[in-house]
Amino acid sequence: RWLNVGASGTSKRQQRPGVNARPKRFGHEVPRVFTPPLRKLTRKTTLGFDVIDFARDVLGIELYPWQKWLLVHMLELLPDGSLRFRTVVVLVARQNGKSTLSQVLALWFMVVWGWPLVLGTAQDLETAEEVWQGAVDLVEEDEELSALLRRVVKVNGKKALELTNGSRYKVKAANRRAGRGFTGNLILLDELREHQSWDAWGAITKTTMAQLEAMVLALSNAGDATSIVLRYLRKMAHAAVGDPDGINSSDEPARLLPSDDDEADGLAEFEQDEDTLAIFEWSAPPGCAVTDRGAWAMANPSMGYSISERTIASACRTDPEWVFRTEVLCQWSDGSLEGPFPPGTWEAGTDAESRRAQDAEVVACLTVSHDRGMAHITIAAMREDGKPHVEVVASRAGVEWVKPWLLDPQFPHRAKWRITGQTNGSPESGLLVELEAAGMAVEKWQGPDLARSCGAFYDLVRGLGDDGKNRPGVFHRPQPVLDVSAATAVTRPLGEGWVWDGRNSPTDIAPLRGATGAVWLLTKPQEVKAVSAYEE
């Protein structure tokens, strides 16, 4: 008497007599934040309805309401019949059906529009291959589609689905080499939150540059301080729709871009036409309680379909708060929650207007990542308030550019900087020898000074006053290349102290080492050489 087997064969619990059952709650069809359409969306003004029909009639997939709504809006057409958006950012909590959406869209563009290349990527190649394999299964299991199949390549590193019309679906890992040599039409970027530099984004998305019709679809749940690319795109898209969550109130999106020169005032140009960038964000509103079931529905549009409310309630009871907020509520954490510094202390030293005092000395520190993939130059100088200001003024791939950059005759002041870096076999030690031979004032940072400087820098960041409140002792502008280092660095023992451990940190922490070394050089006592009156 408690179970009723419906037509679909699934068991459903009946209401116990005399007890009011909670009505079933469904996720929101419409995202909380989205780029509005330019006009009414009909079969003449969007391709979305065609994709929905294709999924139902050809693939046998009845999409969820939110997936249908998204397809209708993201595939909006301009009056000339071209796609409105070239870059689409979709934010939604985990396990809501992003993979199915990607597979349906990829196959429609291949079968119906005949786009030559669909390129699927993810930070973890296995994730991209799972989505690709799902598309392969849909083709092979359908009589109509299998007739269009030319071949399936399953060789590791070369996996491809090829149709008789010439369309291909390939997968690549998200790195700086991904997509180079290809010309893509539809780029599927899964878990964009894991992109901790612009390298992969630049390599993959530029495959569409020569295509009049192309789309980059970035799917992810919420990110954190390390999600450099997704954070920037989200800020740009939110700004275009009126900044509903106020995420641009403290700093402009351009401040999140990598700085390449102190003369550029810490900013680099990055053009993104807001008319071609769209965001569709299913997320809980800022400030909501983790127990707010209405907020659960905003971030989980598949709730009531493939995700039960009871499952979310279980996660709410067992997950740490910010794990639940990020993974289930699709809310952002911009703090260094697991980094080496106490929560909130690194952020307390962020000052978008921070700069050196007039005529203050500038010193520099050269650091190279442990794999020699990146080199960074970080400067330090005293502010008007007597506190150190640190800033990464150059950050580029490789190491060949370092010496020409520092000795560029167009910027003669750089050659006059006192500069330091770790010696004794560090990745930058050879470069420091070359700079010293070229006439720069190189001061060695080694031995006991390494541990002492790391401890001193930690104390400056923590900056506790007599009242126990944070009083930052070092300031920096909001720079992802530096903020990510500070949020993810790990340490290792050295003698009686500890130092930053570049080899075992999950990201490149050379910028944080650079800030530490630059402040050490700036604040270390200057040696005064005694001069004998009898020398002459």
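Residues numbered from 1 in each chain as written. Predicted model: local features only at pLDDT ≥ 70, side-chain atom pairs only at ≥ 80, totals over all residues. Heavy atoms only, no water.

Quick look at the overall build of the chain
For step 1, the next point in the chain: Each helix and strand counted, the chain has 16 helices and 19 strands in total.
For step 2, the next point in the chain: Counting over 536 residues, the chain shows a buried share of 51%.
For step 3, the next point in the chain: Of the contacts formed within the chain by residues at least 6 apart in sequence, a portion of 69% connects residues at least 24 apart.
For step 4, the next point in the chain: As displayed, the chain has an accessible area near 25,400 Å², and 49% of this comes from carbon and sulfur atoms. (Helix = DSSP H or I, 4+ residues; strand = E, 2+ residues; numbered from the N terminus. Buried < 20%, exposed > 50% of the residue type's maximum accessible area, 1.4 Å probe, protein only. Contact = heavy atoms within 4.5 Å. Areas by Shrake-Rupley, 256 points an atom, 1.4 Å probe, with all protein chains shown as cover.)

Re the confidence of the model for the chain
For step 1, the next point in the chain: When pLDDT is averaged across the chain, the result is 83; 84% of the residues are at 70 or more.
For step 2, the next point in the chain: Here strand β1 (residues 3-5) stands out as the least confident element of the chain, with mean pLDDT 31; helix α2 (residues 65-74) is the most confident, with 97.
For step 3, the next point in the chain: In this model residues 1-20 is a low-confidence stretch, pLDDT under 50, and it forms 16 contacts with partners more than four residues away in sequence or in other chains.
For step 4, the next point in the chain: Under a pLDDT of 50 for its full length, residues 260-273 has, in the predicted model, 36 contacts with residues more than four places off or in other chains. (pLDDT = per-residue confidence, 0-100.)

Some words on the nonpolar core
Inside soluble globular proteins, nonpolar side chains tend to come together where they are buried.
For step 1, the next point in the chain: Residues M74, L75 and Y169 are the most contacted members of the largest nonpolar core, which totals 54 residues.
For step 2, the next point in the chain: Per element, the largest residue contribution to this core is 8 residues, and it comes from helix α3 (residues 98-111).
For step 3, the next point in the chain: Dropping the residues within four chain positions of it, L75 is found in contact with T46, L47, G48, V51, L83, L105, F109 and M215.
For step 4, the next point in the chain: By size, the runner-up hydrophobic cluster in this structure holds 28 residues, among which are F341, C365, W445 and C454. (Core = buried A, V, L, I, M, F, W, Y, C linked by side-chain atoms within 4.5 Å.)

Section: the sheet that holds strand β10 (residues 215-220)
For step 1, the next point in the chain: The 9 strands lie next to each other as β3-β11-β4-β10-β9-β5-β8-β7-β6, forming an open sheet whose pairing is mixed. Both outer strands of the open sheet, β3 (33-34) and β6 (149-153), are each paired with one neighbouring strand and no more.
For step 2, the next point in the chain: Here strand β7 (residues 160-163) pairs with strand β8 (residues 168-173) via 3 bridges, running antiparallel. Residue E162 lies in a different strand from β8, and its bridge partner there is R168.
For step 3, the next point in the chain: Of the strands in this sheet, β5 (117-122), β7, β8, β9 (186-190) and β10 are in contact with α3, which crosses β9 at around 170 degrees.
For step 4, the next point in the chain: Running at roughly 165 degrees to β8, helix α4 (residues 125-140) makes contact with β5, β6, β7, β8 and β9 of the sheet. (Pairing = 2+ DSSP bridges. Axes fitted to C-alpha atoms, helices over the stretch in contact; angles between N-to-C directions.)

Quick word on the sheet that holds strand β15 (residues 418-422)
For step 1, the next point in the chain: Ordered in space as β16-β15-β12-β13-β14-β17, the 6 strands form an open sheet in which the pairing is mixed. Looking along the sheet, the strands with just one partner apiece sit at the ends: β16 (441-445) and β17 (475-476).
For step 2, the next point in the chain: Alignment of strand β13 (residues 374-382) against strand β14 (residues 388-397), held across 9 bridges, turns out to be antiparallel. The residue of β14 that forms the bridge with H376 is S395.

Observations concerning the side chain of T367
For step 1, the next point in the chain: Looking at the element boundaries, T367 is found in strand β12 (residues 363-368).
For step 2, the next point in the chain: Look past the residues within four positions of T367 in its chain and what remains in contact with it is M374, A375, H376, E428, A510, P511, R513 and G514.

Looking at the packing of aromatic side chains
For step 1, the next point in the chain: Scanning the entire structure with this criterion turns up 21 aromatic pairs.
For step 2, the next point in the chain: Between W69 and W282, the ring centres sit 6.2 Å apart and the planes meet at 85 degrees, which makes this aromatic pair edge-to-face. Of the two residues, W69 sits in helix α2 while W282 sits in the loop between β11 (277-281) and α8 (293-299), which places them 213 residues apart along the sequence.
For step 3, the next point in the chain: Ring centres 4.0 Å apart and planes at 10 degrees place the aromatic pair F109 and W115 in the stacked group.
For step 4, the next point in the chain: Every member of this aromatic cluster is reached through a ring pair, and the members are F34, W66, W69, F85, F280 and W282.
For step 5, the next point in the chain: Sitting above the plane of the F475 ring, R383 keeps its charged end 3.9 Å from the centroid.
For step 6, the next point in the chain: Directly above the ring of W405 sits R414, whose terminal nitrogen or CZ lies 3.7 Å from the centroid. (Phe/Tyr/Trp six-rings, centres within 6.5 Å; stacked < 30°, edge-to-face > 60°. Lys NZ or Arg CZ within 6 Å of the ring centre and 35° of its normal.)

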